[in-house]
Amino acid sequence: MRTRPTLSEHLEASTSPALAGLIGLLARTLLGVGEVVRTGPLAVARGRSGETNPTGDVIHRLDLVAHADVSRALRESQLVGCFASEEEEGLLHGASTTTGPYCVVFDPLDGSNNLDSNGPVASIFGVFERVTPAGTPCSMADVLRPGTDLVAAGYAVFSASTQFVFSTGDGVEVFTLDDMGELRSSGAGLEVPDPGRRIFSVNDGRAHTWAPRVRGYVDTLREGGYTARYVGTMAADVHRLMRHGGIYMHPANEMARARRGKLRLLFEAIPLGYLLELAGGVATDGESPILQVRPGTLHQQVPVVFGSTGEVARFMDFTRS
Ligand code: FBP
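So, how was this worked out
Residues numbered from 1 in each chain as written. Predicted model: local features only at pLDDT ≥ 70, side-chain atom pairs only at ≥ 80, totals over all residues. Heavy atoms only, no water. Near = heavy atom within 4 Å. Polar contact = N/O pair within 3.5 Å; in protein donor to acceptor, adjacent residues only side chain to side chain. Areas by Shrake-Rupley, 256 points an atom, 1.4 Å probe, with all protein chains shown as cover. Helix = DSSP H or I, 4+ residues; strand = E, 2+ residues; numbered from the N terminus. Nonpolar A, V, L, I, M, F, W, Y, C, P; charged D, E, K, R; others polar. Pairing = 2+ DSSP bridges. Contact = heavy atoms within 4.5 Å. Axes fitted to C-alpha atoms, helices over the stretch in contact; angles between N-to-C directions. Buried < 20%, exposed > 50% of the residue type's maximum accessible area, 1.4 Å probe, protein only. Lys, Arg positive; Asp, Glu negative; His and termini not counted. Salt bridge = Lys/Arg side-chain N within 4 Å of Asp/Glu carboxyl O.

J.: For this particular structure, what's the right way to read the site of the ligand?
T.: Among the 18 residues in the neighbourhood of the ligand, the closest are listed as Asp110, Arg206, Tyr230, Met234 and His250. Glu86 places a polar side-chain atom, nitrogen or oxygen, 3.1 Å from an oxygen atom of the ligand. Between the ligand and Gly111, the relevant distance is 3.0 Å, taken from an oxygen atom to a main-chain nitrogen or oxygen of the residue. Here the ligand loses 91% of its free accessible area of 470 Å² to cover by the protein chains. Taken together, the elements giving at least two residues each to the shell around the ligand come down to strand E5 (102-110), strand E13 (247-250) and strand E14 (263-264). When its residues are assigned to classes, the shell around the ligand shows 4 nonpolar, 6 polar and 8 charged.

J.: Quick question: what am I supposed to make of the sheet that holds E5 here?
T.: Sheet strands line up and pair through hydrogen bonds in the backbone, either parallel or antiparallel. Taken in spatial order, the 8 strands of this open sheet run E4-E3-E5-E6-E7-E8-E9-E10, and their pairing is mixed. At either margin of the open sheet sits one strand with a lone partner, and together these are strand E4 (92-93) and strand E10 (183-185). In the packing of helix H2 (residues 17-38) onto the sheet, the strands contacted are strand E3 (80-85), E5, strand E6 (121-129), strand E7 (152-158), strand E8 (162-167), strand E9 (173-177) and E10, and the crossing angle to E6 comes to about 160 degrees.

J.: Even after reading the chapter, I still don't get the pairing of E3, so can you show me in this structure?
T.: Every other side chain in a regular strand lies on the same face of the sheet, so the side chains alternate between the two faces. Within E3, 6 of the 6 residues are buried, which leaves it mostly tucked inside the rest of the structure. When E3 meets E5, the two strands line up parallel, connected through 5 bridges. Considered in E5, the bridge of Ala84 is made with Val105. Looking at chain direction, E3 and E4 are connected through 2 bridges and run antiparallel. Residue Phe83 lies in a different strand from E4, and its bridge partner there is Leu92. Between E3 and E4, which pair antiparallel in sequence order, lie 6 residues.

J.: Explanation requested: the side chain of Asp285 in the structure shown.
T.: Among the secondary structure elements, Asp285 is positioned in the loop between strand E15 (282-284) and strand E16 (301-302). Although Asp285 is buried, it makes no salt bridge; Arg260 carries the closest opposite charge, 6.2 Å away. Here Glu287 takes part through its backbone nitrogen, which lies 2.8 Å from a polar atom of the side chain of Asp285. A distance of 2.7 Å separates a polar atom in the side chain of Asp285 from the backbone nitrogen of Ser288.

J.: Can you walk me through the environment of Asn203 in this structure?
T.: Relative to the assigned elements, Asn203 resides in the loop between strand E11 (199-201) and helix H4 (212-223). With 177 residues separating them along the chain, Asn203 and Leu26 place their C-alpha atoms 30 Å apart.

If you want it as structure tokens, here you go:
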């Protein structure tokens with residue numbers, strides 16, 4: 001195992017020094033989040049903070065700790081002009097807001113509802129190059145960007161093992177935390193099988209809120225011998241999807257006028273959709289490519305239909321017919 005390249009070695013050989021520096025900073029910071037999560041049950045930090053995030057979800061105290069740790073690292077980095085977090089209403093400026101070349105969007109702790117039952121959780125990030133001119137402070141224009149503008153994205157998933165998955169636009173790489181605290185390559189990158197395993201991943205408890213054609217589509221999967229797998233941590237469900245194929249959905253809630261989707265476009269759907277498409281899968285909002293959707297607000301929510309190419313095509317054919 002010691003012969004497998006480390007993340008640092010991989011970055012040095014394949015990425016510009018600046019972007020390698022940022023990815024390395026994010027990896028180290030997210031490993032720190034993993035440590036907080038790993039020892040969380042022993043710390044006072046467990047349990048709910050009693051506060052809510054901009055979309056009204058109860059914030060677990062570990063969400064706040066993870067948000068604070070990532071925010072501190074980004075604020076202090078000369079590589080970062082600004083950043084936005086799922087747990088913060090507005091845009092946050094780095095110490096280098098007029099010179100930092102990159103802007104980061106992140107979900108500090110995705111799937112935090114799984115914490116109390118020791119389920120998989122993750123941290124997700126996306127990286128844009130700033131569009132505001134150097135010498136002027138960053139603005140919302142730097143982060144309200146479609147996924148096609150990303151220069152990198154990734155996540156750390158804390159489960160049976162800790163894995164750091166990322167791309168800078170050329171293939172999706174997987175690194176696993178070894179027993180010496182080093183992130184080592186897990187071998188070949190992720191490629192979404194098509195056809196993959198016949199797995200569908202959706203929260204069936206929300207079926208009454210879906211459009212009838214969506215319910216009908218899921219019925220065909222049940223009747224077609226598919227198996228159901230749903231973690232309830234988007235990054236973990238998408239990680240399985242990239243490994244084995246199938247389809248993952250968080251469909252539009254047709255009963256709620258204000259909020260068609262639950263998942264965050266900027267902090268979850270865009271970074272994970274970027275990785276999925278680079279791995280050969282398809283990422284949509286159920287109607288159009290997710291990477292072409294330009295966020296109107298930081299906390300915009302969207303429906304999500306991600307999957308192997310053939311599975312998403314079948315979803316589209318069925319729900320449009
Ligand atoms: P959080 O970012 O607040 O955790 O919400 C997002 C999420 O937890 C996703 O990770 C997960 O896929 C989804 O919500 C689960 O939603 P539901 O409970 O509707 O299945």
